[in-house]
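The chain contents come next:
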Amino acid sequence: MSLFDEKNLKNTSISEIGEFALIDILTKDIEYKNKNIIKGIGDDAAVIDVGKKSILVSTDMLIEGVHFDLSYTPLKHLGYKAVSVNISDICSMNGQAKYITVGLALSNRFSVESLEELYLGIRLACERYGVDLIGGDTTSSTTGLAISITAVGEVKGNSITYRNGAKINDLLVVSGDLGSAYLGLQLLKREKGIFIETPNIQPDLAGNDYVLQRQLKVEARVDIVEKLRKLKLKPTSMIDISDGLSSEALHISKESKVGVQIYENKIPIDTTAINLSEELNLNPILCALNGGEDYELLFTVDQKAYKKIKDDVDFTIIGHISEESVGNNFIAQDGSAHKLTAQGWDSTNL
Ligand code: ADP
Ligand code: MG
């Protein structure tokens, strides 16, 4: 119901078109008035030219019930994560984060002490990443907790990595390993379900420290940005993995107008994650492709960088870039190619 006359508006539901198409619709035809905007909407952070350096700006929001469940997320960890996911977007532009602001919407359910816990995590992350908390906003909410953080960073003009620079024959590289954050979440959900049914049973989390840490104590890969600098290696494109490998690879493909080829047998997955996926009856590759929240960096480099990348434990070459006409493919163990989609590939014929 609205006091205003909006009855002539059509009623397209958001789920019909999805998040990315919605952003496109809402922001199409926006013309920037300030000439020093190098990149506005469309990458992990906006880029503003201020001379030798460029300023990076990125916002990410976490909502209770959508992004986190406080029955298994300690507030301190949540605060740390809320900062990390923003720093990760600055990393994906090859930049250094400098400042954050924190917006909070709170319901009465939260005590002062619990919010101090949240801030312990936020402050710990600020220490870890060398960023200063310089402001924010606090307001009430009718339902639960929302945290919106804006990160501001900087990067030298010629070091910026966008989503749109991948070139044909480039190597596709990922840092760390994938799928564990999603598996950690599935484990926590399982144990929550068991706890609701039988509250006197202690949660069984033994042996799964790594996946739990990947879900609860999220780290932005500032070390990878530093390593790339030391190796004198500038990726041709880069993005952070917040939504899953498939989705992010498709962003690089779309923005760079190239095809992405990913090989199943190259995708790095931790062994404890593989064991847990078997226990939970989940396909570990699908967890890596679609799970999200790993906050690793996905990037492309010229083939000349092969030597610098190949023996580094932090990097795995998982595929390469092809012409756009080849499409985006997931090459399974048996050599068969499957169209890569944001929801993974159609596994029914495997
Ligand atoms: P990420 O996953 O890296 O956080 P998103 O998928 O959230 O990025 O956003 C994609 C791009 O769209 C970014 O450049 C972001 O700044 C922009 N964007 C997202 N939501 C909005 C919005 N409501 N209005 C304007 N720009 C938006
Ligand atoms: Mg991002």
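One numbering rule holds for all chains: residues counted from 1, following each sequence as written. Whichever chain is written first is A, and whichever ligand is written first is 1; the rest continue in order. Given that this is a predicted model, residues contribute local features only at a pLDDT of at least 70 and side-chain atom pairs are listed and counted only at 80 or more, while totals for whole chains, interfaces and linings are drawn from all residues. Values shown for side chains rest on all heavy atoms present in the structure; no hydrogens or waters enter the calculation.

Describing the sheet that holds strand β4 (residues 96-106)
If you walk across this open sheet you meet the 6 strands as β1-β2-β3-β6-β4-β5, and the pairing is mixed. Edge strands, defined here as strands with exactly one partner in the open sheet, are β1 (37-39) and β5 (132-140). The mean angle between the axes of side-by-side strands here comes to 20 degrees, regardless of whether they run parallel or antiparallel. Criterion used throughout: strands pair if DSSP finds at least two bridges between them. In this description a helix means any DSSP run of H or I spanning at least four residues, a strand means any run of E spanning at least two, and both kinds are numbered starting from the N terminus. As paired strands, β4 and β5 are joined by 8 bridges and run parallel to one another. Working convention: axes come from line fits to C-alpha atoms, limited for helices to the stretch in contact. Angles between N-to-C directions cover 0 to 180 degrees.

Section: the nonpolar core
Throughout, nonpolar core names a set of buried Ala, Val, Leu, Ile, Met, Phe, Trp, Tyr and Cys residues whose side chains join them through atoms within 4.5 Å. For every residue, the accessible area (1.4 Å probe, protein chains only) is compared with the maximum for its type, and the residue is labelled buried under 20%, exposed over 50%, or partly exposed between those bounds. By size, the foremost hydrophobic cluster in this structure holds 49 residues, and its most contacted members are I87, I100, I147 and I309. With 8 residues, helix α3 (residues 75-91) is the single largest residue contributor to this core. Here, residues are in contact when the closest pair of their heavy atoms is within 4.5 Å. Beyond its immediate stretch of four places on either side in the chain, I147 contacts D60, M61, L62, L78, A82, V102, G103, L104 and L118. Counting residues in hydrophobic clusters, the runner-up holds 35 residues, among them L178, L212, I241 and I267.

Quick word on unusual backbone geometry
Phi is positive for D29, which is not a glycine, with a value near 65 degrees. Relative to the elements of secondary structure, D29 occurs in the loop between α2 (19-27) and β1. Residue classification places D29 among the exposed positions, given a relative accessible area of 70%.

A word on the packing of aromatic side chains
The pairing test for Phe, Tyr and Trp rings, Trp by its six-membered ring, is centres within 6.5 Å, and the orientation test on the planes gives stacked under 30 degrees, edge-to-face over 60, and tilted for anything in between. Taken as a whole and judged by the stated rule, the model has 2 aromatic pairs. Taking 6.2 Å as the distance between ring centres and 45 degrees as the angle between the ring planes, the aromatic pair formed by Y80 and Y129 counts as tilted. Highlighted residues: Y80 in helix α3 and Y129 in helix α4 (residues 112-129), separated in sequence by 49 residues. The same class applies to Y80 as to Y129, namely buried. Look at F299 and F315: their rings are 5.5 Å apart centre to centre, the planes differ by 85 degrees, and that puts the pair in the edge-to-face class.

Structural notes on the environment of Q343
Inspection of the secondary structure puts Q343 in the segment after β13 (337-339). Q343 sits in the exposed class, given a relative accessible area of 66%. Taking C-alpha positions, Q343 is 21 Å from K189, a pair spaced 154 residues apart along the chain.

Some remarks on a nonpolar patch on the surface
Together, F20, I23, I30, Y32 and I41 line one region of the surface with nonpolar side chains, adding up to about 420 Å² of accessible area. Relative to the elements of secondary structure, I23 occurs in helix α2. Surface patches are defined over residues having more than 30% relative accessible area and no salt bridge, joining like charges when they lie within 9 Å and nonpolar side chains (Val, Leu, Ile, Met, Phe, Trp, Tyr) when within 5 Å. We get accessible surface area from the Shrake-Rupley algorithm with a probe of 1.4 Å; when it comes to residues, only the shown protein chains can shield them. Any carboxyl oxygen of Asp or Glu within 4 Å of a side-chain nitrogen of Lys or Arg constitutes a salt bridge here.

Let's talk about the site of ligand 1
Close to ligand 1 lie E19, F20, I23, T27, I41, G42, D43, D44, D60, D89, R163 and S242, which account for all nearby residues. As used in this structure description, the phrase polar contact means that two N or O atoms lie within 3.5 Å; if the pair is within protein, one of them must be able to donate a hydrogen and the other to accept it, and residues adjacent in sequence are counted only when both atoms belong to side chains. Within the backbone of G42, an N or O atom sits 2.8 Å from an oxygen atom of ligand 1. Take D44: an N or O atom from its side chain is 2.9 Å from an oxygen atom of ligand 1. Burial of ligand 1 by the protein chains amounts to 63% of its free accessible area of 560 Å². Looking at which element gives the most residues to the shell around ligand 1, the answer is α2, with 4 residues. The cutoff for a nearby residue is simple: one of its non-hydrogen atoms must lie within 4 Å of the molecule or strand.

Examining the layout of surface pockets
For the second largest pocket, the calculated volume is near 290 Å³. N94, Q96, K156, S159 and R229 are, among the 13 residues lining the second largest pocket, the residues nearest its centre. The nonpolar class holds Ala, Val, Leu, Ile, Met, Phe, Trp, Tyr, Cys and Pro. Asp, Glu, Lys and Arg form the charged class, and all remaining residues, Gly among them, are polar. Each residue belonging to the lining of the second largest pocket can be placed in one class, and the counts come to 4 nonpolar, 3 polar and 6 charged. Of the grid points, spaced at 1 Å and generated over the protein atoms alone, those admitting a 1.4 Å probe that cannot get out make up cavities, while open sets with protein on both sides within 12 Å along at least five of seven lines make up pockets; any residue with an atom within 4 Å of a point is treated as lining. Grid points are joined across faces, edges and corners, and a volume is the space filled by probe spheres set on the points.

Some words on the sheet that holds β13
What links the strands of a sheet is backbone hydrogen bonding, and the strands pair in either a parallel or an antiparallel sense. Taken in spatial order, the 7 strands line up as β8-β10-β7-β11-β9-β12-β13 in an open sheet, and their pairing is mixed. The two strands at the open ends of the sheet, each matched to only one other strand, are β8 (237-240) and β13. Between one strand axis and the next, the sheet turns through 25 degrees on average, direction left out of account. Taken together, the 4 bridges between strand β7 (residues 171-175) and strand β10 (residues 297-301) define a ladder with antiparallel strand orientation. Looking across to β10, one finds that V174 is bridged to L298. Most of the contacts of helix α8 (residues 245-256) go to β8, to which it runs at about 150 degrees, and overall it touches β8, β9 (259-263), β10 and β11 (315-322).

A word on the side chain of R214
Position of R214 among the secondary structure elements: in helix α6 (residues 209-216). Using a relative accessible area of 14% as the deciding quantity, one classes R214 as buried. Polar side-chain contacts of R214 include one of 2.8 Å to the side chain of E296. The residues contacting R214, other than those within four sequence positions of it, are D177, S180, A181, E293, D294 and E296.

Some remarks on helix α7 (residues 222-230)
Turning to α7, its buried residues are I224, V225 and L228. Considered in projection along α7, the buried side chains sweep an arc of 100 degrees and stay on one side of the axis. Turned more than 90 degrees from where α7 packs its buried face, R229 and K230 sit exposed. Where α7 is buried, its residues touch α3, β4, β7, β8, β10 and β11. One or two positions beyond α7, positive phi appears at K232, with a value near 55 degrees. Arc definition: it is the arc formed by the directions from the helix axis to the C-beta atoms.

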